[in-house]
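Chain by chain, the residues run as shown.
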Protein chains: 2
Amino acid sequence: MSEAIQRENILATAAAYAKSPTSQAQRRVSILGATGSVGCSTLDLIGRHPNRYDVVALTANSNAELLAKQAIAHDAELAVLADPAGLDELKSALSGTSVEAAAGQEALMEAVARPADWTMAAIVGSAGLRPTLEAVRQGKSVALANKECLVSAGDIFMETVASSGTRLLPVDSEHSAGFQSIDPNASDAIEKITLTASGGPFRTWTREQIKTATPEDALNHPTWSMGDKLTIDSATLMNKGLELIEAFFLFPVEPDQLGVVVHPQSIVHCLVEYSDGSVLAQLSSPDMRTPIAYSLAWPERMWAPTERLDLAKIGSLDFEAPDNDRFPAPRMAIEALKANNGSTTVLNAANEIAVDAFLNRRIGLPSICTLVADTLEAVARDGLTKPKTLDDVLALDALSRTLARSLLPELV
Amino acid sequence: MSEAIQRENILATAAAYAKSPTSQAQRRVSILGATGSVGCSTLDLIGRHPNRYDVVALTANSNAELLAKQAIAHDAELAVLADPAGLDELKSALSGTSVEAAAGQEALMEAVARPADWTMAAIVGSAGLRPTLEAVRQGKSVALANKECLVSAGDIFMETVASSGTRLLPVDSEHSAGFQSIDPNASDAIEKITLTASGGPFRTWTREQIKTATPEDALNHPTWSMGDKLTIDSATLMNKGLELIEAFFLFPVEPDQLGVVVHPQSIVHCLVEYSDGSVLAQLSSPDMRTPIAYSLAWPERMWAPTERLDLAKIGSLDFEAPDNDRFPAPRMAIEALKANNGSTTVLNAANEIAVDAFLNRRIGLPSICTLVADTLEAVARDGLTKPKTLDDVLALDALSRTLARSLLPELV
């Protein structure tokens, strides 16, 4: 099919979808982290199906200009900045509109608590912990794009999900793929869940070469365009380690049932193997709009303007076993999960310090995992106990960062 | 993972499954075509989960010895031969047991009509049409391994399925994969269903080379071990054409939404593409016990002793567009579907005559599709009307065979 014909087909299909009667009532949606990449893509999709969604609250950290534009374009009830410094700019940009403006942590939490049928939780980092938990407490469905909720506070987070009866919808491409590949009638027959990893830019480098890797080498990611932290995590495969931890909390499996396979094309995102030998998998072009659209329309599906997969054009999907010697992060994550004592919180915090040190050229790439391992050991020496509350998690996170920083000089 | 460890894991898993309490009531099952490959595999799986299944009727064409052995081993209520010639042998082999023995078409239809929760319809060829329809009329679930019901009589068959409220479970690996890859909440969002084709032994042959292909060349199939007819169909890709016709009747798509991609490793069996850009697929080692187990345990899953998929070991999954010039069969099947006038019945009948002529060295491989096309044209000249009853189908089938035979001399 020529590209022109394919585009025409896509447009015709979009028109047919737009014309079709709405198959579900209009849903009230909020987006936490609206001005980030996931937030913008979510609003793009909502804008293509305006009759299906009613925007309640949009929140951002500090980008008042974009937030105001989004709130006006989507007729939001409320726009909130986490950082109070931008409130005047936000108010000014929204003057004369019906959109309420507010700022600060308290306003953010009030925005999250406003009733919604669906909330996109896309605040990045540990700043997303409290707002996302609040969204889970009040929400009917929460699309989860924040990693820390599961990696740092998985037990507490999933307990809240269970007690509030909220439907959690993963947004990460790998976890969305896993979610889509779980046979709802046979989740007890899952033998294994395998996440795919692109392998990063050092997939074919020797151990000696990796020692010389620079931030510039690492930031040249083969398929996805991501932020710096995520790109370094992808280069060390720590990203896959963190995703294994998330997968453990999202899916009905034990740590030993989780695996990673290196797949440079990033077309297959996750594979779920069953007791009858079947493997169900989700494939797509690498475009975050697909998993976002899936979470937005769930349990139905909505049209998304992504490039359709053409396997004949791609030609070949390659797979290889991950090398635990050059890339120990996935195995470290599984060990942290098995320890079941807060190790995943430590691992995540130490990794952030280590990635920062690598980006600032203080340590080499292999030292990232060394620092994480050293920090885990140091915390364990002090007697590691499983965090029971979000405050425990934040305290352990802070302690781990302090320890990791104190261990840094030994590596440089 | 070493093979020994993998085997140990499989055995441990099997033991765990055997110990687990049965999660559903015991099901009454019948197998039509018990002594064939699908029938034997079905009984093998049933034998591994004896508490879950109660065997009602086993039927075979003429293999009295094996049928009697199976009936005794699985404590069947009834064993029936379609061919009356073997009745004495069957009775003698079953004397002193509680298994009833019978033979002939009438006895076969009575066996099919005996109430069962699940029936495996694995009688090969047009001989399977009436018994399978009868199974659909009385059954709660019918696992369909007979091609002709859908290819020759799709409309009539599916009307009976709908009016009797029977759950149809496809057994072909491609259609089982499609069935497993359909999102039950979003079947209206399917954009495309793609069946994979191994490409057969002539995938890399030129048009000129294919003209010289012998039955021996064709019978050297790369991945699946099949009967002669099926192997030739695989070499011409007519097998994929017939499967496209089946897919049309099984899945909620129009003919133009069906496609084929050549995939020599035969690991991915079917791909279902959705409006959000997601493609769901089922993969497995090429082993019929996986789709049979799926149909047997549906909607749950059961443990099957198949080789687990190891993508890192396989290394690469290759895909290429089918070549409609060298292999016109899939396109012919789509055209026959679009004609919606009985052409699929003609195509199937003419193909059987053509394959037989190729196996008997009367025509070359490319002449198989030529004969099918010529027969379609000849039938159309006489005025083709859509068959309304099974008798219409059988009459059109017979007419097509006669015409195909009469056209053969022009090709040799």
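In what follows, the accompanying structure is described. Predicted, not measured: the structure shown is a model, and the values here were computed from it. In this convention, every chain numbers its residues from 1, walking through the sequence in written order. Lettering of chains starts at A and numbering of ligands starts at 1, both following the order in which they are written. In keeping with the predicted nature of the model, local features appear solely for residues at pLDDT of at least 70, side-chain atom pairs appear and are counted solely at 80 or more, and the whole-chain, interface and lining totals rest on all residues. Side-chain measures here rest on the full set of heavy atoms in the structure, leaving out hydrogens and waters.

### Thoughts on the sheet that holds strand E6 (residues 141-144) of chain A
Residues and elements named next belong to chain A. Going by this rule: Strands pair, by our definition, only if DSSP identifies at least two bridges between them. Counting from the N terminus, the helices are the DSSP runs of H or I reaching at least four residues and the strands are the DSSP runs of E reaching at least two. Note on geometry: axes are lines fitted to C-alpha atoms, helical ones only across the stretch in contact, with angles between N-to-C directions running from 0 to 180 degrees.
In space, the seven strands of this open sheet follow the order E4-E3-E2-E1-E5-E6-E7, with parallel pairing throughout. Only two strands of the sheet have a single neighbouring strand rather than two, namely strand E4 (100-103) and strand E7 (167-170). Within the sheet, the average angular offset between the axes of one strand and its neighbour, ignoring direction, is 20°. Pairing of strand E5 (residues 118-121) with E6, which is carried by four bridges, proceeds in the parallel orientation. The residue bridging Met120 from the neighbouring strand is Ala143, located in E6.

### Overview of the relation of the copies chain A and chain B
Operational definition: Our superposition of the copies is a least-squares fit, built on the C-alpha atoms of residues whose pLDDT is at least 70 in both. Any pair of residues with heavy atoms lying within 4.5 Å of one another is described as a contacting pair.
Mapping chain A onto chain B calls for a rotation angle of 180° and an axial translation of 0.0 Å; the resulting RMSD is 0.0 Å. Both copies of the chain, as the preceding transformation shows, are related through a two-fold rotation axis. Comparing interface residues between copies, 100% of those in chain A also lie at the interface in chain B; the contact surface is shared.

### A word on the packing of aromatic side chains
Here is the rule: Aromatic contacts are taken between Phe, Tyr and Trp rings whose centres are within 6.5 Å, Trp giving its six-membered ring; a plane angle under 30 degrees counts as stacked, one over 60 as edge-to-face, and the others as tilted. Partly exposed residues are those whose accessible area sits between 20% and 50% of the maximum for their type, while under 20% is buried and over 50% is exposed, using a 1.4 Å probe and protein chains only. Over a ring means this: the NZ of a Lys or the CZ of an Arg is within 6 Å of the ring centre and within 35 degrees of the ring normal.
Throughout the structure, instances matching the rule amount to eight aromatic pairs over all chains. With centroids separated by 6.5 Å and ring planes inclined at 65°, the aromatic side chains of Phe179 of chain A and Trp298 of chain A adopt a geometry described as edge-to-face. Of the two residues, Phe179 of chain A is situated in helix H9 (residues 173-180) and Trp298 of chain A in the loop between helix H14 (289-297) and helix H15 (311-314); the sequence distance between them amounts to 119 residues. Both residues of the pair, Phe179 of chain A and Trp298 of chain A, belong to the buried class. Centre to centre, the rings of Phe202 of chain A and Trp205 of chain A are 4.6 Å apart; their planes meet at 65°, and the pair counts as edge-to-face. Residue Trp205 of chain A is classed as partly exposed on the basis of its relative accessible area of 23%. An aromatic cluster is present here, built from Phe179, Tyr294 and Trp298 of chain A joined pairwise through their rings. Seen from the ring of Tyr274 of chain B, Arg301 of chain A lies directly overhead, with NZ or CZ sitting 4.3 Å from the centre.

### Brief notes about the packing of helix H17 (residues 343-359) of chain A against helix H19 (residues 390-411) of chain A
Residue and element names in this part refer to chain A. What counts is decided by this rule: Any angle that is under 35 degrees is reported as roughly parallel, and any over 145 degrees as roughly antiparallel; angles of 65 to 115 degrees are reported as roughly perpendicular and all others as oblique. Left-handed is the label given to a crossing in which the near helix is rotated counterclockwise from the far helix by less than a right angle, and right-handed is the label when the rotation is clockwise. Three residue categories are used. Nonpolar comprises Ala, Val, Leu, Ile, Met, Phe, Trp, Tyr, Cys and Pro, charged comprises Asp, Glu, Lys and Arg, and polar comprises the others, including Gly.
Running from N to C, H17 and H19 point in directions that differ by 40°, and their axes come no closer than 8 Å. Our classification of the angle between H17 and H19 gives oblique. Classified by chirality, the crossing of H19 by H17 is right-handed. Facing Thr345, Val346, Ala349, Ala350, Glu352, Ile353 and Ala357 of H17, the residues of H19 in contact are Val393, Leu396, Asp397, Ser400, Arg401, Ala404, Arg405 and Leu408. Per-class residue counts for the contact of H17 with H19 are nine nonpolar, two polar and four charged.

### A look at the interface of chain A and chain B
Applicable threshold: Buried area, as used here, totals the accessible surface that two parts lose on assembly, with accessibility defined by a 1.4 Å probe and the loss added over both. Here, a salt bridge means any side-chain nitrogen of Lys or Arg that lies within 4 Å of a carboxyl oxygen of Asp or Glu.
The interface of chain A with chain B comprises 44 residues on the first partner and 44 residues on the second. Approximately 3,600 Å² of surface area, both sides summed, lies buried where chain A meets chain B, with 50% of it carried by carbon and sulfur atoms. Of all residues in chain A, the largest losses of buried area upon contact with chain B belong to Asp276, Arg301 and Phe319 of chain A, amounting jointly to 19% of the total for that side. Salt-bridge contacts for Arg308 of chain A lead to Glu191 of chain B; the nearest nitrogen and oxygen are separated by 2.8 Å.

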